[in-house]
Amino acid sequence: AAPVQVRLVVPMVVVFGPGSVPRDLPRPLPFRDVQEMEISVNLRTSVTSRYEMRYRSTTAQEEAALAAATAREADAALHPLQDTTMGSLTMYVVPETSSLLPQGINVYVGKHRSALVRAVGSLAALQARLREVTQVMSFTASSIVAALSDRVPNGQLGADARRYLKSSLGYEITFSLLNPDPKSHTVDWDIEGAVNRYVKPVLDKLSLVANFSVDSQILYYAVLGVTPRYDKESSSFLLSAHSLPHVINPVEARLGSSAASLYPVLNFLLYVPERSHSPLYIQDKDGAPVSTNAFHSPRWGGIMVYNVEAPASPQASLPLHVDVDMARVMEVFLAQLRLLFGLSREEVPPEFLLESPGNEGLADWELDHLLWAHTVENIATVSTTLTSLAQLLDKIGNIVIKDDVASEVYRAVASVQSAVTKLSLGHLHAAFQASKEAVTSSERAFFDPSLLHLLYFPDDQKFAIYIPLFLPMAVPILLSLAKIVRETRLRTKEPTKMD
């Protein structure tokens, strides 16, 4: 892989509230400090993370905001007073005895780009705690390694690294309702209302990362690829964890959206089991029922099984009318969407309290988390694409590079250099935009139609095409040439005989 050297700079402000300043500060406030860490990927890829920290005391306004009754109120009051640049962090250190943070909680992470941190005696202990917070709010070594997964030797990646979606300029989301038994069930789902209410706010926030398109469909007589097992005890049908991978393939053949798509497709399937297999429950690896009755597949999407209650009287007329509870369904699908983008909150230390992002579906710092990973991945992708293109052009000696292809290559190189520079200055948003432009230009150059047909036209193929055309014409020409040469030789020999 092409060499990649990136420095990720996180601008940080650490604000000490009254009674929270450590005893062993090296010099009086305000002062600056820098902490660097090397993230090991491979020999040709080096990523350095650099936290540029500015320590200072609270202003009168910040002090008033920190006097709020709850951490949530304090977070809301502090938001207008802080730097809200993407990729930047503000840490408010509150006294050890502060009642803002609940018992047993040392860190409260707000929904913007700040956190409340309980003070500890020494600066070293505080810095260790701050390092934990920055790992949650900006990027971890594992999230950067996952973004560069193509460059990491096999066996060194965690289980999650292959789960996340690759960085792309766009994504297509398809919601499908599968009704395998329309004779028994007439299913109604207000997908348009649910998308507007639950999905749109999340995608509006993510629109900075990529373009999203959403569509929906209802598929009849589409069955899962596995016959569920009947369990006598619970008088229900069960799908065990090991059979779940076999569920997707037959269904995917019916979906039909990914074949014609330019971008990765995320499939979210709501499956209403047929009457003969109802109720249907999903089991985890330990045989326990899954509370959401859903499962997800890495980089593909998720499936939720929606059971229909059996009619009270056996004489009830079929088909039964089913109104899907969209709030319950969308809660599961949005959780799966967050998981596919690597925004799950399971790995957070127990003494951390994370504010719920509310309607928006993700906090500002979670958006930054995505931008850090995608920017690094884009830079690596562009360097690989351009290296591949250069190697290709070296192999084909007689290739003609058009001016517009050359200008796309120059633009890609300039944009990727700009992205690396912007990262080293701590300008995350500008770096991400430059990395996106670099991806667009490098893809345009690599897949330019003028280069494409030359890839499939090697020299031996030219001989195979042209020899049958030229050989019949060449034979009489060559014979004539041979005759001319013979006659010329005879002419030059004749005068010597005269002597």
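Residues numbered from 1 in each chain as written. Predicted model: local features only at pLDDT ≥ 70, side-chain atom pairs only at ≥ 80, totals over all residues. Heavy atoms only, no water.

Chemist: An account of the sheet that holds strand β10 (residues 229–231) is needed here, citing residue identities and associated values.
Modeler: If you walk across this open sheet you meet the three strands as β10-β11-β13, and the pairing is mixed. The two strands at the open ends of the sheet, each matched to only one other strand, are β10 and β13 (280–282). Pairs of neighbouring strands in the sheet enclose a mean axial angle of 40°, with direction left out of account. In terms of strand pairing, β10 meets strand β11 (residues 236–239) through three bridges, oriented antiparallel. Note that in β11 the partner of Tyr230 across the bridge is Phe237. (Pairing = 2+ DSSP bridges. Helix = DSSP H or I, 4+ residues; strand = E, 2+ residues; numbered from the N terminus. Axes fitted to C-alpha atoms, helices over the stretch in contact; angles between N-to-C directions.)

Chemist: So what's going on with empty space enclosed by the protein? Which residues, and what values?
Modeler: Empty space among the atoms becomes apparent when a probe as large as a water molecule is rolled across them. Applying the stated criterion across every chain, the model contains three cavities of 30 Å³ or more. Looking at the largest cavity, its volume works out to about 50 Å³. Around the largest cavity, the lining residues are Val202, Leu206, Leu337, Arg338, Phe341, Leu343, Gly361 and Leu362. For the lining of the largest cavity, the secondary-structure elements that each account for two or more residues are α5 (191–206) and α7 (326–340). For the lining of the largest cavity, the residue count by class is six nonpolar, one polar and one charged. (1 Å grid on protein atoms, 1.4 Å probe; cavity = no way out; pocket = protein on both sides within 12 Å on 5 of 7 lines; lining within 4 Å. Points joined across faces, edges and corners; volume = space filled by probe spheres on them. Nonpolar A, V, L, I, M, F, W, Y, C, P; charged D, E, K, R; others polar.)

Chemist: Help me get a handle on the environment of Leu219, residues and values and all.
Modeler: In this structure, Leu219 sits in strand β9 (residues 211–220). The exposure class of Leu219 is buried, given its relative accessible area of 9%. Sequence separation between Leu219 and Pro180 is 39 residues, and the spatial gap between their C-alpha atoms is 7.8 Å. Leaving out residues up to four positions away in the same chain, Leu219 has contacts with Leu177, Leu178, Asn179, Arg254 and Leu255. (Buried < 20%, exposed > 50% of the residue type's maximum accessible area, 1.4 Å probe, protein only. Contact = heavy atoms within 4.5 Å.)

Chemist: Could you give an account of the nonpolar core, with specific residues and numbers?
Modeler: Among the nonpolar cores identified, the biggest contains 95 residues, and Leu8, Met91, Phe175, Leu206, Leu270 and Phe341 are the most heavily contacted of them. Ranked by the residues each element gives to this core, the list is headed by helix α8 (residues 364–395), at ten residues. The residues touching Phe175, leaving out its near neighbours within four places in the chain, are Trp189, Ile191, Val195, Val199, Val214, Asp215, Ser216, Gln217, Phe268, Met330 and Phe333. Ranked by size, the runner-up nonpolar core spans 20 residues in total, among them Ala222, Val226, Leu280 and Ile303. (Core = buried A, V, L, I, M, F, W, Y, C linked by side-chain atoms within 4.5 Å.)

Chemist: Break down the domain arrangement of the protein chain for me, citing the residues and quoting the values.
Modeler: As assigned here, the protein chain comprises domain 1 (170–341), domain 2 (368–451) and domain 3 (457–498). Relative to domain 3, the C-alpha centre of domain 2 lies at a distance of 51 Å. (Domains from an automatic or database assignment.)

Chemist: Could you give an account of unusual backbone geometry, naming the residues involved and the relevant values?
Modeler: A negative phi holds for most residues other than glycine; trans holds for most peptide bonds. The omega torsion of the bond from Leu29 to Pro30 falls at -10°, within 30 degrees of zero and hence cis. Of note, Pro30 is situated in the loop between β1 (4–16) and β2 (31–42). The residue after Ser278, namely Pro279, is reached through a cis peptide bond having omega -10°. As for its placement among the helices and strands, Pro279 is situated in the loop between β12 (265–271) and β13. The residue Ser235 is not glycine, and still its phi comes out positive at about 40°. Residue position: Ser235 is located in the loop between β10 and β11. For Ser235, a relative accessible area of 42% corresponds to the partly exposed category. Not every positive phi belongs to a glycine, and Asn293 is a case in point at roughly 55°.

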